[in-house]
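Structural overview for review
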Amino acid sequence: MAKEKKFIVCDGNYAAAHISYMFSEVACIYPITPSSNMAENVDEWAANGKVNMFGRPVRLAEMQSEGGAAGAVHGALQSGAMATTYTASQGLLLMIPNMYKIAGELLPTVFHVSARAVAAHALSIFGDHSDVYACRQTGFAMLASGSVQEEMDLAGVAHLATLKSRVPFLAFFDGFRTSHELQKVEVMTQDSILPLVDMEAIQEFRNRALNPENPVTRGTAQNPDIFFQAKESANKFYDAVPGIVEQYMKEISKITGRQYDLFDYYGAADATDIIVAMGSVTETIKEVIDHLMAQGKKVGLVAVHLFRPFSTAHLMKALPATTQRIAVLDRAKEPGSVGEPLYLDIRNSIGEAMEAGKAPFTKWPVIVGGRFGLGSKDTMPSHILAVYQNLEMNEPKNKFTVGIVDDVTFTSLPVLPNIKVSPADVVEAKFYGLGSDGTVGANKNSIKIIGDATDKYCQGYFEYDSKKSGGFTCSHLRFGDSPIRSTYLVTTSDFVACHVPAYLNLYDVVKGLKKGGNFLLNTIWDVEETKDRLPAKMKKYLAENEINFYVIKATELAESIGLGNRTNTILQAAFFKISEVIPYAKAIEQMKKAIVKSYGNKGENIVNMNFAAVDAGGDHVVKVEVPAEWAKLQPEGETESTKRPEFIKNVVDVINAQDGNSLPVSTFVGIEDGTFIAGTAAYEKRGIAINVPEWQAENCIQCNQCAYVCPHAAIRPFLLTEEDAAGAPAGTQIIDASPAKQFNGLKFKIQVSPLDCTGCGNCADVCPSKEK
């Protein structure tokens, strides 16, 4: 009798940790974004007594650096313990010396990596493959996953194969895009994977451990007479890896029903134009292939899973015999090379196969390479369409880039208009919020409610700037009746919510909202004033596209309930009320269950406040009629200050408006080394605070602690001369500086900058005055 499938909503980090925990006895960690959640999950499970496949909790060792974590893994492996670690970017690079040793000593382990850009001209905490590419020479086998479901399925292949082969594995997936993307996936259970574990291989690994009862010398130095030969003696272990991985992929496929190979082919059986790629972009490519095949195009994809050891024989099995043109996509740039790593591997493998007569085709295909998605640059279906269109050219561009405009060295393919290739039943939504305001958490909760309470598939991806708390966030949610493969941001939404009133004038929040779509605004004004405050451009869009416009005073409601500025639960309920993505009553029921689970141990009062927030979200949404005459409005002309430097106007302002994707390569000519002018924050002036502090001169003791504690330097103390004070604007509050003996007749003032304030309240908390 077939076992019932179990589904959960989780991200790629959770999926990797879930599998890793089963196989690990020791986890040596040093958290780094975006891999930290893997270690955090393992830490939490171990603390709560969760057992691995050996019936024991994992032993966790948090080190003081990534090099220390890799060294600890190395030591644990030599002692016969099954050990692992989790890392990314510079953290992975710091592990490379130990990785050479671990591979050279044939110690089975899996390093789980959420692939992330390595800092070069600038730091990027976001995803590409430059870190894993830097590990190609270490001797680690490298296995890639392209989605949360693939990570759930293939992480186990890495653990099974390392035990069987003795070759250590680096199992990687795209940082943020897969590591933090929430998806509804089928769980690989310990019971299903345990029968595949080679227990004899584990015992042999234990037998090889350093042990005073059976002493050996290991970690020797070798002279020129034998080092080369000893290095080559390990070849047989690497030669066996592709077959071992293939075997375990077939076993996993028997369990899941999802087919995997070292190189997965997707597309027309008689395809002529093929893309070869690795990671999350493969899901987007599949969507584009379905779109093009419906038009009669003969296109396909080879998705790379086993990147090292690279198996030419398996690549040839994946490529159709009809292949004429190939585009290889790399998510990294290798300056000075004749091409990026995957491109060179594919070109070389096809060359070797052609010379040996083992290729599925007899005529050399055209092979071109391109770069995409560096630093998590979004790769849209239109970008993939441009790659296929490039292949159709008589002379396809080689060493191209997609998703940017290169008007300096002209590497870029044309930027095409966005196309919708996802299934028609998929509902797309965007939520604009502030870092730490609860918007992201509420949307993660919504995804889990929809995933757990219905048969719908769901996806959540969360876009951040680098300001973290108080910074820009945009949550991208999708729901549908079919699997969701759209590994890119939502650009054509059915629903948009703006949780921050200040964003009306900062960003184009309704851009891409579909005709007849829903727009929800958290407002601090009544309906008429809200309408007056909308920019003319937004009014025109709402009217022309027949948008259903809703408002709610969530901030006011949260304060009246006792939740302070935590509006997330109210706005989450409002979303369910408006969108009807699932029945509203069911959504409310599930939200309240989640509240009891999250806050039940904090007391009945806290639970009831959150219940009241749920009810308020549904009860206080107001639909605003959009006047037809708004369609005739003309957007306001842009005001331009002559005092703003060119760099601010042409670069910083564009980035701050969340429109940095529009900047071409030429913008950065002259600052190629990453140099920016100083003091750019002085021109930002976001004005995001709902409540800002007021200096009450009569209560001030001039301690200046408010200025000291302000994290955004929005509070400044001033000493003024009589002349300064006389020149101050009318109504300016000024008091005598104290102590008078020290300041000799100077005046004192505290000045608050409302547009720089984030409303954190630290100043009021720290103020020692009895009256505030």
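Remember, it's a predicted structure, so these values are computed and weren't measured experimentally.

Assigned secondary structure in the chain consists of 28 helices and 25 strands. Its C-alpha radius of gyration of 29 Å places the chain within 12% of the 28 Å reference for a compact globule of 772 residues. Seen through its C-alpha atoms, the chain measures out along the principal axes to roughly 85 × 65 × 60 Å. Going through the 772 residues of the chain one by one, you find that 52% of them count as buried. The contacts in the chain between residues at least 6 apart in sequence include a share of 78% that link residues at least 24 apart. Put simply, the chain shows about 34,900 Å² of open surface, and 52% of that area lies on carbon and sulfur atoms. Computed over 74 positive and 88 negative side-chain charges, the separation of the two mean positions in the chain equals 2 Å.

This next bit is on a negative patch on the surface. A cluster of acidic side chains, namely Glu 40, Asp 43, Glu 44 and Glu 62, defines a negative patch on the protein surface. Top element by residues in the negative patch is helix 2 (residues 36–47). It accounts for 3 residues. Positionally, Glu 40 belongs in helix 2.

Evaluation of the coordinates by the stated rule reveals 18 aromatic pairs. Aromatic side chains Trp 695 and Phe 748 sit 6.1 Å apart centroid to centroid with 70° between the ring planes, which places their arrangement in the edge-to-face category. Placement of Trp 695 in the loop between helix 24 (646–656) and helix 25 (705–709) and of Phe 748 in strand 25 (residues 747–752) is noted, with a sequence separation of 53 residues between them. Of the two residues examined, Trp 695 and Phe 748, each falls in the buried class. Following the ring pairs from residue to residue traces out a cluster consisting of Phe 431, Phe 479, Phe 495, Phe 575 and Phe 576. Between Arg 177 and the ring centre of Tyr 461, over which it is positioned, the NZ or CZ distance is 3.8 Å. Across the ring face of Phe 611, the terminal group of Lys 592 is positioned such that the distance to the ring centre comes to 5.4 Å.

A cis amide bond links Thr 33 with the next residue in sequence, Pro 34, at an omega value of 0°. Geometrically, the link from Arg 308 to Pro 309 is a cis peptide bond, its omega value of -10° lying close to zero. We note that Gln 702 has phi near 60°; this positive angle belongs to a residue other than glycine. Along the chain, the position of Gln 702 falls in the loop between helix 24 and helix 25.

Attention shifts here to the nonpolar core. Counting residues in hydrophobic clusters, the biggest one holds 94 residues, and the most contacted among them are Phe 23, Phe 169, Leu 170, Val 245 and Leu 342. The dominant element in this core, judged by the number of residues it contributes, is helix 7 (residues 148–165), at 9 residues. Contacts of Leu 170, omitting those with residues within four sequence positions, involve Leu 92, Met 99, Phe 111, Val 113, Val 132, Cys 135, Phe 140, Ala 141, Met 142 and Leu 143. Counting 40 residues, the second-largest nonpolar core is a separate cluster that includes Phe 462, Ile 552, Ile 595 and Ala 616.

Turning to the sheet that holds strand 15 (residues 400–401), a few remarks are in order. Read from one edge of the open sheet, 6 strands run 9-11-10-13-14-15, paired in mixed fashion. Of all the strands in the sheet, just strand 9 (263–267) and strand 15 have a single pairing partner and so form its edges. With respect to the sheet, helix 12 (residues 281–293) is in contact with strand 9, strand 10 (273–277), strand 11 (299–304) and strand 13 (325–330), its orientation differing from that of strand 11 by roughly 165°.

Quick look at the pattern of salt bridges now. Here the structure, examined in full by the defined rule, presents 36 salt bridges. One salt bridge in this structure joins Asp 198 and Lys 164, with 3.2 Å as the shortest N-O distance. One end of the pair, Asp 198, is in the loop between helix 8 (190–193) and helix 9 (199–207); the other, Lys 164, is in helix 7, and 34 residues separate them in sequence. When its relative accessible area of 18% is taken as the criterion, Asp 198 is described as buried. Of the charged contacts, one joins Arg 331 and Asp 174 as a salt bridge, the two residues approaching to 3.1 Å between their closest N and O atoms. Of the two residues, Arg 331 sits in the loop between strand 13 and helix 14 (341–356) while Asp 174 sits in strand 7 (residues 169–174), which places them 157 residues apart along the sequence. Judged on exposure class, the residue Arg 331 and its partner Asp 174 are both buried. Where salt bridges share partners, they join Lys 5, Asp 153, Glu 186 and Arg 258 into one cluster.

With the rule as written, the count across this model stands at 3 cavities of 30 Å³ or more. For the largest cavity, the calculated volume is near 80 Å³. If you trace the largest cavity, you find it lined by Phe 23, Ser 24, Met 82, Ala 83, Thr 84, Pro 108, Thr 109, Val 110, His 159, Thr 162, Leu 163 and Phe 205. Of all the secondary-structure elements, those providing two or more residues to the lining of the largest cavity are strand 4 (83–87) and helix 7. For the lining of the largest cavity, the leading source of residues is helix 7, giving 3 residues. Of the residues in the lining of the largest cavity, the class split is 7 nonpolar, 5 polar and no charged. When its volume is computed, the second largest cavity comes out at roughly 50 Å³. If you go around the second largest cavity, the residues you meet are Phe 431, Thr 439, Ala 442, Asn 443, Ser 446, His 499, Asn 568, Leu 571, Gln 572 and Phe 575. Residue assignment for the lining of the second largest cavity shows that the elements contributing at least two residues are helix 16 (439–453) and helix 21 (568–579).

Quick notes on the rules
- Residues numbered from 1 in each chain as written.
- Predicted model: local features only at pLDDT ≥ 70, side-chain atom pairs only at ≥ 80, totals over all residues.
- Heavy atoms only, no water.
- Helix = DSSP H or I, 4+ residues; strand = E, 2+ residues; numbered from the N terminus.
- Rg over C-alpha atoms; globule rule 2.2 N^0.38 Å.
- Buried < 20%, exposed > 50% of the residue type's maximum accessible area, 1.4 Å probe, protein only.
- Contact = heavy atoms within 4.5 Å.
- Areas by Shrake-Rupley, 256 points an atom, 1.4 Å probe, with all protein chains shown as cover.
- Lys, Arg positive; Asp, Glu negative; His and termini not counted.
- Charge placed at Lys NZ, Arg CZ, Asp CG, Glu CD.
- Patch = residues over 30% accessible without salt bridge, like charges linked within 9 Å, V, L, I, M, F, W, Y side chains within 5 Å.
- Salt bridge = Lys/Arg side-chain N within 4 Å of Asp/Glu carboxyl O.
- Phe/Tyr/Trp six-rings, centres within 6.5 Å; stacked < 30°, edge-to-face > 60°.
- Lys NZ or Arg CZ within 6 Å of the ring centre and 35° of its normal.
- Core = buried A, V, L, I, M, F, W, Y, C linked by side-chain atoms within 4.5 Å.
- Pairing = 2+ DSSP bridges.
- Axes fitted to C-alpha atoms, helices over the stretch in contact; angles between N-to-C directions.
- 1 Å grid on protein atoms, 1.4 Å probe; cavity = no way out; pocket = protein on both sides within 12 Å on 5 of 7 lines; lining within 4 Å.
- Points joined across faces, edges and corners; volume = space filled by probe spheres on them.
- Nonpolar A, V, L, I, M, F, W, Y, C, P; charged D, E, K, R; others polar.

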